[in-house]
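Coordinate inspection notes
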Amino acid sequence: MTDPRFHNLRLSSEMPGAPLLHHTGKALSDPTRRRILELLRERDMTAGELAEQFNMSKPSISHHLTTLKTAGLVTDERHGQNIIYSLNTTVMQDLIGWFMGFMDSDGNVNQANDQTDNK
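So, here's what we can say about the structure.

Rules behind the numbers
- Throughout this description, residue numbers start from 1 for each chain and increase along the sequence as written.
- Where totals are concerned, whole chains, interfaces and linings use all residues; where local detail is concerned, this predicted model gives features only for residues with pLDDT of at least 70, and gives and counts side-chain atom pairs only at 80 or more.
- Working from all heavy atoms in the structure, the side-chain values ignore hydrogens and water.
- A strand pair is defined by DSSP finding two or more bridges across the two strands.
- Secondary structure follows DSSP: runs of H or I at least 4 residues long count as helices, runs of E at least 2 residues long count as strands, and numbering of each begins at the N terminus.
- Note on exposure labels: buried denotes an accessible area under 20% of the residue type's maximum, exposed denotes more than 50%, and partly exposed covers the range between, all computed with a 1.4 Å probe on protein chains only.
- Contacts: residue pairs with any heavy atoms within 4.5 Å of one another.
- Whenever Lys or Arg places a side-chain nitrogen within 4 Å of a carboxyl oxygen from Asp or Glu, that contact is recorded as a salt bridge.

Judged from the six bridges that link them, strand E2 (residues 74-79) and strand E3 (residues 82-87) form a sheet pairing that is antiparallel. By the bridge assignment, Asp 76 is partnered in E3 with Tyr 85. The loop that links E2 with its antiparallel partner E3 comprises two residues; one of these, Gly 80, has a positive phi angle of about 65°.

The subject of this paragraph is the side chain of Thr 24. Among the secondary structure elements, Thr 24 is positioned in helix H1 (residues 22-28). Classification of Thr 24 by relative accessible area gives buried; the value is 4%. Beyond its immediate stretch of four places on either side in the chain, Thr 24 contacts Ala 71, Leu 73 and Leu 95.

Okay, the pattern of salt bridges next. For the structure on display, the rule yields three salt bridges. Across the pair Glu 49 and Arg 43 runs a salt bridge whose closest N-O atoms are separated by 3.7 Å. Measuring nitrogen to oxygen at the nearest pair gives 2.9 Å for the salt bridge that ties Asp 76 to Lys 69.

Everything listed here is a matter of coordinates, which is why it stays silent on function.
Take a look at the structure:
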């Protein structure tokens, strides 16, 4: 049974009930995409405004934004001729919650099958 807090995370057919982090992991693995998320944390921006922050082409920025949208980390909304990009905080909260599930109350990694108990 899947934890309802993680309903926005895709499920993997290889690991039933486990959140699929493939798209999110891919999105977060790139420093440019991480920087885009940091910029969107400060405020919503258009692709042009984001492109001004980087030394790369607008099509390259568009590719990064598509990857972030596929992972559910960024949303977009059309405002006239502009598309405004925003950080999807719900998915970010879901991810943080999922990762925190691996920690105990002291902040240590909680291993379900601790090898030291198997004597």
